[in-house]
Amino acid sequence: MKTAAAMDNARQEPQRVADEENALAAPPLERNCSVGRAIAILSDAWTFLVIRECLFGARRFDDFQARLGVPRQTLTERLKRLTEQGILKRSAYLHRPLRYEYRLTAMGIDLYPSMIAMLRFGDKWIEGVPRIPLRLIHKTCGCHSEPIVSCSACGGELKAREVTYRDGPGAGMSAPVEFRRSRRSSDSEHYNRGRPSSVSRTLQIIGDRWTFKVTREAFLGARRFDEFQGRLNIAPNILADRLNRLVDNGIFERRLYQRLPDRFEYRLTEMGLDLYGPFVAILAWGDRWLANGAPPMILTHKICGEDFTPQVICDKCRRPIVAWEMAYEPNYDMTENGEVQIKEYDP
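Residues numbered from 1 in each chain as written. Predicted model: local features only at pLDDT ≥ 70, side-chain atom pairs only at ≥ 80, totals over all residues. Heavy atoms only, no water.

A short note on the overall build of the chain
So the rule is basically this: Secondary structure elements follow DSSP: runs of H or I no shorter than four residues count as helices, runs of E no shorter than two count as strands, and numbering proceeds from the N terminus. Exposure was quantified through the Shrake-Rupley algorithm and a 1.4 Å probe, taking into account, for residues, occlusion by the shown protein chains and nothing else.
Within the chain, the regular secondary structure consists of 13 helices and 16 strands. Accessible surface computed for the chain: about 18,200 Å², of which carbon and sulfur atoms make up 49%.

What follows is the structure, encoded as C-alpha cells:
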C-alpha cells in the first residue's frame, strides 16, 4: 500500500515533467539591447538594400528590382516586412491596375545617421573599388563633410574607452528577437548588389547577427570564450567561427593568456574600437524607435561627465546630420552592364 507521501509525489510527477519540458522548450533569455533590436532589421542584406535604395530615391517595385536584381518574391516579402515594421509606408499611385509606391517614414528616414556612421567606418577601414564611393556634402554649411559620432552634451567625438554605461529603465532579459532569414553563408555577398557602398562593406563584416552580438559583448567587457558563450547562449562552434572571422577581418586580435592548454583572449583592435561610433549611433536609433520609451542602457561621457545621446554631426559646422540636408558626389559611374568606372578623385 502506497504511503501518503508516495501518493503525493505521484500526483506531482506529471507537473514536474511538464515544467521540465517547458523549461527545455523555452528560448534562452538575452540582454535587452536596442542595438540587437535594430540589427534584427539591418542584418538581412535584402532589407538593408531596399532601405538604401529608398534613400537614393527608389519608390516603386520596378525601381527596386531594376537597381538590385532582386527576385520578385523576395522583394515583395521585404517591402511587406518593412511596411509592417513602420520603416516604409505604402501608397497607391495607380488604381487600374492597382500599383503602390513605398516611401520612408520618419522612423525610416531616421536610420540615415546610422548609415552615415557605418559609411565613415567603411571609408576609413575597408578596401573596395572605388576606395571611397561617395563624397558627402553638408548643404547647411556647403562643405565636404566627414561626419563623426559625438556626445550630445559636449559635442566631443565619442571613443569607446571614454564612455561608461549603466542599466536604464528598459534593462533586463527577454527572449531573443526572431531573425527570419536564410542561413546560407553567401547571404553576406548580397550586400554588394547594385551601387558601390561603404555601408555595404561594413555590414558584410558585422551585419551577421551573431557577429554583431559578439562585438557588442566585447564593447561591454567580454574577453574570453566562456564569457562570450555565457552571455550569449551561443553554440560553441558558432562562437568559434565568429571569433575567427572577427580576427581575420581585423576587428579582434587574439592574445594568449594561458598555456597547457593554450587559451586566448579576444580584444578589440584599433579598427574594432572604431566600430564604437556606428554601434552607438544604431543604439540611439533603436532607443528612439524600438525601446518603447525605456532605453535598456544609459551612456555617460567620461570627458564631460554627462549622460548623453549619441548623435552624428558634420565635422565642419558641428550640426547634426539629417537626410534632407545632405547631398553627395559619387566617385564612380555605372555602365549600362553594371560595371563600375572610377572617376579621377579616389584617395
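Regarding the sheet that holds strand β4 (residues 134-138)
To be explicit about the condition: For two strands to count as paired, DSSP must find a minimum of two bridges between them. Axis lines are fitted to C-alpha atoms, over the contacting stretch for helices. Their N-to-C directions set the angle, which ranges from 0 to 180 degrees.
The antiparallel open sheet is built from three strands, whose spatial order is β5-β4-β14. Each end of this open sheet is capped by a strand with a single partner; those strands are β5 (143-145) and β14 (326-330). Ignoring strand direction, the axes of neighbouring strands in this sheet form an average angle of 40°. Relative to β14, β4 runs antiparallel, the two being bridged by five bridges. When the sheet's bridge partners are listed, leucine 134 is paired in β14 with proline 330.

Some details on the layout of surface pockets
The cut-off we apply is this: Buriedness for pockets is judged along seven lines, at least five of which must meet protein on both sides within 12 Å for an open set on the 1 Å grid over protein atoms alone, while cavities are sets there where a 1.4 Å probe fits but cannot get out, and lining residues have an atom within 4 Å of a point. Grid points are joined across faces, edges and corners, and a volume is the space filled by probe spheres set on the points. Amino acids are sorted into nonpolar (Ala, Val, Leu, Ile, Met, Phe, Trp, Tyr, Cys and Pro), charged (Asp, Glu, Lys and Arg) and polar (every other residue, Gly among them).
The calculated volume of the second largest pocket comes to roughly 500 Å³. For the lining of the second largest pocket, the elements supplying multiple residues, two or more each, are α3 (45-55), β3 (98-104), α7 (112-125), β4, α8 (198-206) and β14. The element that contributes the greatest number of residues to the lining of the second largest pocket is α7, accounting for five residues. Of the residues in the lining of the second largest pocket, the class split is 20 nonpolar, two polar and six charged.

Some points on the confidence of the model for the chain
Note the cut-off: A score from 0 to 100, pLDDT tells how confident the predictor is in each residue. Should any heavy atoms of two residues lie within 4.5 Å, those residues are considered in contact.
Summing up the model confidence of the chain, the mean pLDDT is 88 and the portion of residues at 70 or higher is 87%. Per-residue pLDDT stays below 50 along residues 19-25; that stretch engages in zero contacts with residues further than four places along the chain or on separate chains. Of the regions scoring below 50 in pLDDT, residues 182-186 engages in two contacts with residues more than four places distant in sequence or in other chains.

Some details on the pattern of salt bridges
Here is the rule we go by: The term salt bridge refers to a side-chain nitrogen of Lys or Arg lying within 4 Å of a carboxyl oxygen of Asp or Glu. Remark: exposure states derive from per-residue accessible area (1.4 Å probe, protein chains only) relative to the maximum for the residue type, with buried under 20%, exposed over 50%, and partly exposed in between.
Within this structure, the stated rule accounts for 29 salt bridges. Residues glutamate 253 and arginine 255 are paired through a salt bridge, measuring 2.8 Å at the closest nitrogen-oxygen approach. Residue glutamate 253 is classed as partly exposed on the basis of its relative accessible area, which comes to 31%. The exposure class of arginine 255 is partly exposed, given its relative accessible area of 40%.

Structural notes on the sheet that holds strand β7 (residues 163-167)
The strand order β7-β11-β12 describes an open sheet built from three strands, whose pairing is antiparallel. Unpaired on one side and paired on the other, β7 and β12 (306-308) mark the two borders of the sheet. Strand-to-strand twist of the sheet, defined as the mean angle between neighbouring strand axes without regard to direction, takes the value 40°.

Digging into the pairing of β3
Working note: regular strand, side chains alternate between the two faces of the sheet. Bridge analysis of strand β2 (residues 88-95) against β3 gives seven bridges, and the strand direction is antiparallel. By the bridge assignment for β3, alanine 92 is matched with tyrosine 100. Remark: two residues form the turn of the hairpin made by β2 and β3, two consecutive strands paired antiparallel.

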